[in-house]
Each structure stands twice: as structure tokens, then as C-alpha cells.
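Summary of the model geometry
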Amino acid sequence: MLLVTLSLLIGTGSCFYSSGDAVENLTPANFDSKVTNDDAIWVVEFYAPWCGHCKALTPEWKKAAKALKGIVKVGAADVDQHKELGGRFGIQGFPTIKIFGGNKNKPEDYRGPRTANGIVAEALRLATVVANDRLAGKGGSGGSSGGSGGSKKGNPADVIELTSSVFNKEVLDSKDMWLVEFYAPWCGHCKKLAPEWASAATTLKGKVKLGAVDATQFQDLAGRYGVRGYPTIKYFPAGAKLDAEEYDGGRTAGDIVAWAEAKLEEFAEPPEIRELLNDEVFAEECREKSICLISILPDILDTGAEGRNKYLNTLKELGDKYKKRKWGWAWSFAGEQDKLEAAIEVGGAGYPAIVALNIKKNAVLHHRGGFSKDSINEFLQYVIAGRIAPSVLRKDVPKLRKATPWDGKDGQMPEEEDYSDLDDIDLDEVPVENAHSEL
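In what follows, the accompanying structure is described. All values reported here derive from a predicted model rather than from experimental measurement.

1. Some remarks on the layout of surface pockets
Its volume calculated, the second largest pocket comes out at about 1,200 Å³. Along the wall of the second largest pocket there are 38 residues; nearest its centre are Pro113, Thr115, Ala116, Asn117 and Gly118. If you list the elements that add at least two residues to the lining of the second largest pocket, you get α2 (52–68), β5 (96–100), α4 (116–135), α8 (253–267), α10 (300–321) and α12 (373–385). For the lining of the second largest pocket, the element with the highest residue contribution is α12, accounting for six residues. Across the lining of the second largest pocket, the residue classes tally to 11 nonpolar, eight polar and 19 charged.

2. Topic: the sheet that holds strand β10 (residues 232–236)
Sheets are built from strands paired through backbone hydrogen bonds, the pairs being either parallel or antiparallel. As summarised here, the arrangement of the five strands in space is β7-β9-β8-β10-β11, forming an open sheet in which the pairing is mixed. Bordering the open sheet on either side are β7 (160–161) and β11 (245–246), each of which pairs with just one other strand. Bridge analysis of β10 against β11 gives two bridges, and the strand direction is antiparallel. Residue pairing across strands places Lys234 opposite Glu246, the latter belonging to β11. The strands that helix α6 (residues 188–203) touches are β8 (178–183), β9 (209–214) and β10; relative to β8, the one it contacts most, it runs at about 160°.

3. A few points about the sheet that holds strand β13 (residues 292–297)
Within the open sheet, the six strands sit side by side as β12-β14-β13-β15-β16-β17. Their pairing is mixed. Either end of the sheet is taken by a strand with one partner, and the two such strands are β12 (274–275) and β17 (391–392). The pairing of β12 with strand β14 (residues 328–333) spans two bridges and is classified as parallel. Paired with Glu275 across the bridge in β14 is Trp331.

What counts, and where the lines are drawn
Along each chain, the written sequence defines residue order, and numbers are assigned to residues from 1. In keeping with the predicted nature of the model, local features appear solely for residues at pLDDT of at least 70, side-chain atom pairs appear and are counted solely at 80 or more, and the whole-chain, interface and lining totals rest on all residues. Where side-chain values are given, they derive from all heavy atoms of the structure, hydrogens and water being excluded. In this analysis, the protein atoms alone were mapped onto a 1 Å grid. Cavities are point sets where a 1.4 Å probe fits without being able to get out; pockets are open sets with protein on both sides within 12 Å along at least five of seven lines; lining residues have an atom within 4 Å of a point. Grid points are joined across faces, edges and corners, and a volume is the space filled by probe spheres set on the points. A run of H or I in DSSP becomes a helix once it reaches four residues, and a run of E becomes a strand once it reaches two; helices and strands are each numbered from the N terminus. Lys, Arg, Asp and Glu make up the charged group, whereas Ala, Val, Leu, Ile, Met, Phe, Trp, Tyr, Cys and Pro make up the nonpolar group; the residues left over, Gly among them, are polar. For two strands to pair, DSSP has to find at least two bridges joining them. We call two residues in contact whenever any of their non-hydrogen atoms come within 4.5 Å of each other. To obtain an axis, a line is fitted to C-alpha atoms, over the contacting stretch when the element is a helix, and the angle between two such axes runs from 0 to 180 degrees between their N-to-C directions.

All quantities given are derived from atomic positions and should not be read as evidence of function.
Put into C-alpha cells, the structure is as follows:
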């Protein structure tokens, strides 16, 4: 199992982290042995004890360390105390988080969200990248989101050339998220950025639009957005665009993609948790997506509306947390889609139950724990990291029956038949042979 090491550099004299926090304290004395000479990936935070932003990051870092224990190592170093580390890695502000990948001499900046969720997601993503690279015989590590010179070749046609006449319609009136580069044809830095920009545009195609404006030709646009140097990159969020924001990420394709995807995750709508009412819903949530999470809840008579809504709210929270992965989310209740339950082997251990289903690979992964947010979250992290062996589906998933959608109300007990008229029957008139036919 690949061990990815997530390390926030905080010195031994720091009061931020203790041995019980699962955070590794790094110093000049142990940095090379633990990080530089290690095959694992390290994500390192350089901080100062007096830094307010560092203090704000501390609880998130502790949460990340706890969540990643046994999967990803977390460490930290007080650069105020160990200034040689700050000088060695060019630290100019706090906190600075760097990713030490395959080439430990060229760490990359981490620019994702400074939350436990963001840190954990990036660490697990890196673990998958590194493992896949090694399987492919590429050697080393996938390193950071940016990488150093490993960008895949992009299609320049995926970069949309923008002019003054089309800018408002294409960008400002669009519901899409845009990153726009303002460049000058003679600019050396712009020429260096061009292949990275094209690679990012190809990778992000269908999710984020990347455009380019020749600022020397369309000076009105450059003036409108305060362009004073080249290249300048502006961010236009999805939806209503009141003004542009500064892009503050790196200049490699990986950096640009990671920055854009972090923005998408930050503002994306959470997925709908859909009831499996027919085969069309199943196709959209499971057959058309890489992974779908199917939950089979108890019968409404067992939980009532309040209990069912509690389960659904748990799924909504998790769907929001993992929305970047574009998984499908669906649910039914015990017995409603019994043939589906049989195919995915759910129900034997009781309800509620949840599985991760990959139709294309004919594989299913079963969650064996409780139906709580923490328990399912742990299951999903293991799914991402590949730490659960999937089961091969023994049966083809059948076509789902059409079901009636839940009305959101408590269930009603079925009406019992009225047997009061049995009092009118004279048992003495029942023929003897019929009365004793069961004996």
C-alpha cells in the first residue's frame, strides 16, 4: 500500500502540535531523513507561532492528520525557530504549504483549500496519481498538482481567443467559470505559459473555459481589468460576474488545473440524492458515472419520516463533501427494488446499507460499518485510496421496476380485514368431513 506522507513543518519547540495530534514535528536535524530521502510524498506547512493564519490552520491540520493516520503522514516545522529551513525553501509568508513529490529538490506549492477536507482530498488524490504512475512504470511520484515539466500536451484550439467585440457575450454573459489570460505577443513569459495554458484548457474542457486576450491589440479590455504586466490571469466565477478576481495560482498546467478545480469544488452545487424510481434514474446515476453510491434504507414503518430524513441528510452532507468526484448518489428502501438488492448483495446484514458500485467494472464495495456520517466518510476514503477489495457482481443488475416516489410523510399501517361477521357463522352447520379435513 502506497504511503503518502503529508507533513506540516512545525518545530519541536512549537506549542501548536503534540505527539497526540498525529502530526510529525520536523526540524533541520530530521528533515532530510524523514522527507528528502524518503520515497513517500510529503506535504509540508512552514509556519510561525505568531502568525494568525497559521493558528487558524492548526485545528484543520490536526483533523487532517487524524483522518489520514495510517494512510498519510502529517508533520510541521516552526520556521521562525528554524530559519534555515525557511531560507532553504524560499519561504516568504506564513503559512506556506509545499508538496515534496518525486523530485524532492523541487517542491511545489499547495494552493488548495486550507481545510481538513481539502487537505485530505488532495493527499488521497496524490496517492492515486503516484500509484498509477508507478504501475505504468513511470517511476518516482506524481508530485504536486503542478508537477515540474510533466504536463500533458494540450490542444491550443481549446483556448478561446477573445476580442473586445465578443468578450461580454462569451465571458460576462456566460454561466460558465472562466480563466482569462491577458498576454502580449512579444512577452517571453507569455510564450512559456502558452503550452501550459493549452494543456490546462484541454484538461478542464467541459468544466472550466480558458480564454486569451491579446492585450496589445485590445487595450480597452486590458484597461478595464487593470492589466499592468504580462501575462496577467483573471478569474471570472460561474454564474453572475460582477467583476474579475485575481488568479493567484502557479503557472504550470497542473497548478492551473488544481486551482480551477478547487474553485469548482468550493462553489459547485451538491449532487441530488435521487430515489430509485425507475431504470432511467439508475442509468443516469450509475451506468453513466464511474461510481455510484446506493443506499437501501429501512421501510418507512420502521423509521418514520423523521428517521428517513435523518439518513437522507447524512447522504446529502457526504454528497456535498465529495461533490468534486462527480459520483452518482441514489437510494431506495427495503424490498422496493428487491432484484437490485439481490444483485448487489444487500439486505442480509439488515438496513440501512450502502455500497459503492462500479457498473463498468462489474464491481461492488460494501460498507460494513454503521450508517453515520463519520463511518461512511471513512468508507469513502478507503474507496478512493483503493484499500477495500471489491466484490465481483454475481448477477447482472436487472431493469428496475417503476416505483411510487416517497411523499415525505410517515408510513401508514395497512388496514386489517374486518372479521366481525364471523360471529354469524354457525359452526354446528359445518360438515364434519370439511371441519376435520386438515387433520
